[in-house]
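Here are the chains, one letter per residue:
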Amino acid sequence: MTRPDVSCSSADRKWIAAYLGGSRWEEEEMAEAIADTRRLFPKPQNLSDAYGPPSNFLEIDVGNPETVGVGRSRFTTYEIRLKTNLPIFKLKESCVRRRYSDFEWLRSELERESKVVVPPLPGKALIRQLPFRGDDGIFDDSFIEERRQGLELFLNKVAGHPLAQNERCLHMFLQEEAVDKNYTPSKIRQA
């Protein structure tokens, strides 16, 4: 066996050999291991690499909540903005509005159709829906903001998963104006 060119000093090799019992073979084995773990030096980064768009990105923002309707038919919708350069998505930018029940539908579809462990949604807040409360219940600004943050976290976890990105229900949810809840489940193929 030939000795590899190793970037450790002879004192280091002697210490390694002494530690391993002084065997020349063990010293050479250790030298090979050290040679295999040398750091690879990447090419120097230029300004366009540092400040240009990342090679793959997926940004999903949930925001601009709007409460619509009156009485018992009142609900809040959230704007979902998607920006990506991932080839699996047909649109590179999209903006749709969804309500909490749409998020519940997406979660149940992903659980049913994919092999992905789907994270939980923020809770339904049943106590906030009780009548005669001193606040606006589920339409209180602080609750809407808390729910918005939870929905954004949920969507980013789900959409960031490579297996979930192949599910048609996720693409429909993120990029189509209306969710067809009678769709035929299928996988998306990369273009």
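Position numbers for residues start from 1 in each chain and track the written sequence from start to end. At least 70 in pLDDT is required for a residue's local features to be given in this predicted model, at least 80 for side-chain atom pairs to be given and counted, and no such filter applies to totals for whole chains, interfaces and linings, which use all residues. To obtain the side-chain values, all non-hydrogen atoms of the structure were included, while hydrogens and water were left out.

Per an unreviewed UniProt entry, the protein chain carries the name Sorting nexin 3 and comes from Scleropages formosus. UniProt positions are given in the numbering used here, feature names are shortened, and annotations may be inferred rather than shown by experiment. What UniProt records for the protein chain under Sequence similarities (unreviewed entry) is the sentence "Belongs to the sorting nexin family."

Considerations on the overall build of the protein chain
Secondary structure elements follow DSSP: runs of H or I no shorter than four residues count as helices, runs of E no shorter than two count as strands, and numbering proceeds from the N terminus. Counting its regular elements, the protein chain contains 6 helices and 3 strands. The helix and strand sequence of the protein chain, counted from the amino end, reads α-α-α-β-β-β-α-α-α. Note on exposure labels: buried denotes an accessible area under 20% of the residue type's maximum, exposed denotes more than 50%, and partly exposed covers the range between, all computed with a 1.4 Å probe on protein chains only. Taking all 191 residues of the protein chain together, 34% fall into the buried category. Contacts are assigned to residue pairs that have any heavy atoms within 4.5 Å of one another. A separation threshold of at least 6 residues defines the contact pool for the protein chain, and within that pool the share at least 24 residues apart is 55%.

Looking at the pairing of strand β3 (residues 93-99)
Only one face of β3 is buried, namely the one carrying S94, V96 and R98, since none of E93, C95, R97 and R99 on the opposite face is buried. Sheet analysis places strand β2 (residues 75-84) next to β3, joined by 7 bridges and oriented antiparallel. In the sheet register, I80 faces β3, and the bridge partner there is V96. Two strands make a pair as long as DSSP finds a minimum of two bridges between them.

Considerations on the packing of aromatic side chains
Aromatic contacts are taken between Phe, Tyr and Trp rings whose centres are within 6.5 Å, Trp giving its six-membered ring; a plane angle under 30 degrees counts as stacked, one over 60 as edge-to-face, and the others as tilted. For the structure shown, the criterion picks out 2 aromatic pairs. Taking 5.0 Å as the distance between ring centres and 70° as the angle between the ring planes, the aromatic pair formed by F103 and F173 counts as edge-to-face. With F103 in helix α4 (residues 100-113) and F173 in helix α6 (residues 168-175), this residue pair connects regions lying 70 residues apart in the sequence. F173 matches F103 in its accessibility class, with the two residues each being buried. Ring geometry for W105 versus Y183: centroids 5.7 Å apart, planes at 70°, classification edge-to-face. Separated by 78 residues along the polypeptide, W105 in helix α4 and Y183 in the segment after α6 bring together distant segments of the chain. You can call W105 buried: its relative accessible area is 10%. When its relative accessible area of 8% is taken as the criterion, Y183 is described as buried.

Section: the environment of K83
Here K83 is to be found in strand β2. Residue K83 is classed as partly exposed on the basis of its relative accessible area, which comes to 42%. Measuring from C-alpha to C-alpha, the distance between K83 and C95 comes to 9.1 Å, with 12 residues separating the pair along the chain. Beyond its immediate sequence surroundings of up to four residues, K83 is in contact with F57, L58, E59, K92 and E93.

Digging into the side chain of D102
You can see D102 is positioned in helix α4. Non-local contacts of D102, meaning those with residues more than four positions away in its chain, are made with F173 and K181.

Examining the pattern of salt bridges
Where charged atoms from two side chains of opposite charge approach closely, those side chains can pair. Put simply, a salt bridge is a Lys or Arg side-chain nitrogen that is within 4 Å of an Asp or Glu carboxyl oxygen. Applying the stated criterion to the full structure yields 9 salt bridges. For the salt bridge of E145 with R148, the shortest nitrogen-to-oxygen distance reads 2.9 Å. Highlighted residues: E145 and R148, both in helix α5 (residues 141-159), separated by 3 residues, approximately one helical turn. A single salt-bridge network, built from bridges that share partners, covers E79, R81 and R97.

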